[in-house]
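The chain contents come next:
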Amino acid sequence: MDITQVYNDNKNSVYRLALTYLHSQEEAEDVCHDVFIKMMEHKIALFPGKERAWLLTVTANECKNRLRFWNRHRKEELSDRIPVREAESPDVLEAVLSLSVKERSVIYLYYYEGYTAEEIAGILKITASAVRSRMERARKHLKNKLEGELS
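Calculation notes
- Residues numbered from 1 in each chain as written.
- Predicted model: local features only at pLDDT ≥ 70, side-chain atom pairs only at ≥ 80, totals over all residues.
- Heavy atoms only, no water.
- Helix = DSSP H or I, 4+ residues; strand = E, 2+ residues; numbered from the N terminus.
- Salt bridge = Lys/Arg side-chain N within 4 Å of Asp/Glu carboxyl O.
- Phe/Tyr/Trp six-rings, centres within 6.5 Å; stacked < 30°, edge-to-face > 60°.
- Lys NZ or Arg CZ within 6 Å of the ring centre and 35° of its normal.
- Contact = heavy atoms within 4.5 Å.
- Axes fitted to C-alpha atoms, helices over the stretch in contact; angles between N-to-C directions.
- Parallel < 35°, antiparallel > 145°, perpendicular 65-115°, else oblique.
- Left-handed = near helix turned anticlockwise from the far one by under 90°.
- Core = buried A, V, L, I, M, F, W, Y, C linked by side-chain atoms within 4.5 Å.
- Buried < 20%, exposed > 50% of the residue type's maximum accessible area, 1.4 Å probe, protein only.

1. Points about the environment of leucine 22
Reasoning step 1: By the secondary structure assignment, leucine 22 is in helix α1 (residues 3-22).
Reasoning step 2: Separated by 79 residues in the primary sequence, leucine 22 and valine 101 place their C-alpha atoms 9.0 Å from one another.

Dropping the structure here:
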């Protein structure tokens, strides 16, 4: 498959996942570029249909590395600007963004990207039961936050 085609098919998914981790458009763009550069530099031979999973796995790992670096080297507020899809409620997006990184990443991959718990486990390099546990906790937190806003 042509790298241009892979890029065009997957750039938005890679960018959105990076944005959910990093809360910064500029950093998400950097991660997006780094992921595709890694793919080109290492001449990764991807199995047809598996490009997206590989790219999202590399994206998650790159974001985790950046977050670890930030935690060790600086503390500053991250921007909460994430583009909202037309069908989404800004309140729901705000509640999702307020979740921990672990919970936010599984919610994003499941609801926004359509991955199963097993696929998410492969992307995040955790067990499927850990994915389901994080999903359950995240749903409870979201429910509490959204019900609290309605009261």
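Continuing now.
2. Some thoughts on the pattern of salt bridges
Reasoning step 1: A complete count under the given rule lists 9 salt bridges for this structure.
Reasoning step 2: Residue glutamate 27 pairs with arginine 66 through a salt bridge whose shortest N-O separation is 2.7 Å. Of this pair, glutamate 27 sits in helix α2 (residues 25-41) while arginine 66 sits in helix α3 (residues 51-73), and the two are 39 residues apart along the sequence.
Reasoning step 3: For glutamate 118, the salt bridge identified is with arginine 132, shortest N-O distance 3.2 Å. Of this pair, glutamate 118 sits in helix α6 (residues 117-124) while arginine 132 is found in helix α7 (residues 128-150), placing the two residues 14 residues apart along the sequence.
Reasoning step 4: Among the charged side chains, a network of salt bridges with common partners joins Glu27, Asp34, Lys38, Glu62 and Arg66.

3. Comments concerning the packing of aromatic side chains
Reasoning step 1: Taken as a whole, this structure holds 3 aromatic pairs when the rule is applied.
Reasoning step 2: Between tyrosine 7 and phenylalanine 36 the ring centres are 4.9 Å apart and the planes differ by 75°, which places this aromatic pair in the edge-to-face class. Of this pair, tyrosine 7 sits in helix α1 while phenylalanine 36 is found in helix α2, placing the two residues 29 residues apart along the sequence.
Reasoning step 3: Look at tyrosine 110 and tyrosine 111: their rings are 4.8 Å apart centre to centre, the planes differ by 85°, and that puts the pair in the edge-to-face class.
Reasoning step 4: Between arginine 139 and the ring centre of tyrosine 110, over which it is positioned, the NZ or CZ distance is 5.7 Å.

4. Examining the side chain of glutamate 62
Reasoning step 1: Position of glutamate 62 among the secondary structure elements: in helix α3.
Reasoning step 2: Dropping the residues within four chain positions of it, glutamate 62 is found in contact with Val31, Asp34 and Lys38.

5. Comments concerning the packing of helix α5 (residues 101-112) against α6
Reasoning step 1: Where α5 meets α6, the axes come as close as 10 Å, and the angle between the chain directions of the two elements is 130°. Viewed along their axes, α5 and α6 adopt a mutual orientation that is oblique. As α5 packs across α6, the resulting crossing turns out to be right-handed. For the pair α5 and α6, the contacting residues are Ser105, Val106, Leu109 and Tyr110 in the first and Ile120, Ile123 and Leu124 in the second.

6. Here's the deal with the nonpolar core
Reasoning step 1: Core analysis: the largest hydrophobic core is formed by 42 residues, its most contacted members being Tyr21, Leu109 and Leu124.
Reasoning step 2: Secondary structure elements with two or more residues in this core: α1, α2, α3, α4 (90-97), α5, α6 and α7.
Reasoning step 3: Considering every element that reaches this core, the biggest residue donor is α1, with 8 residues.

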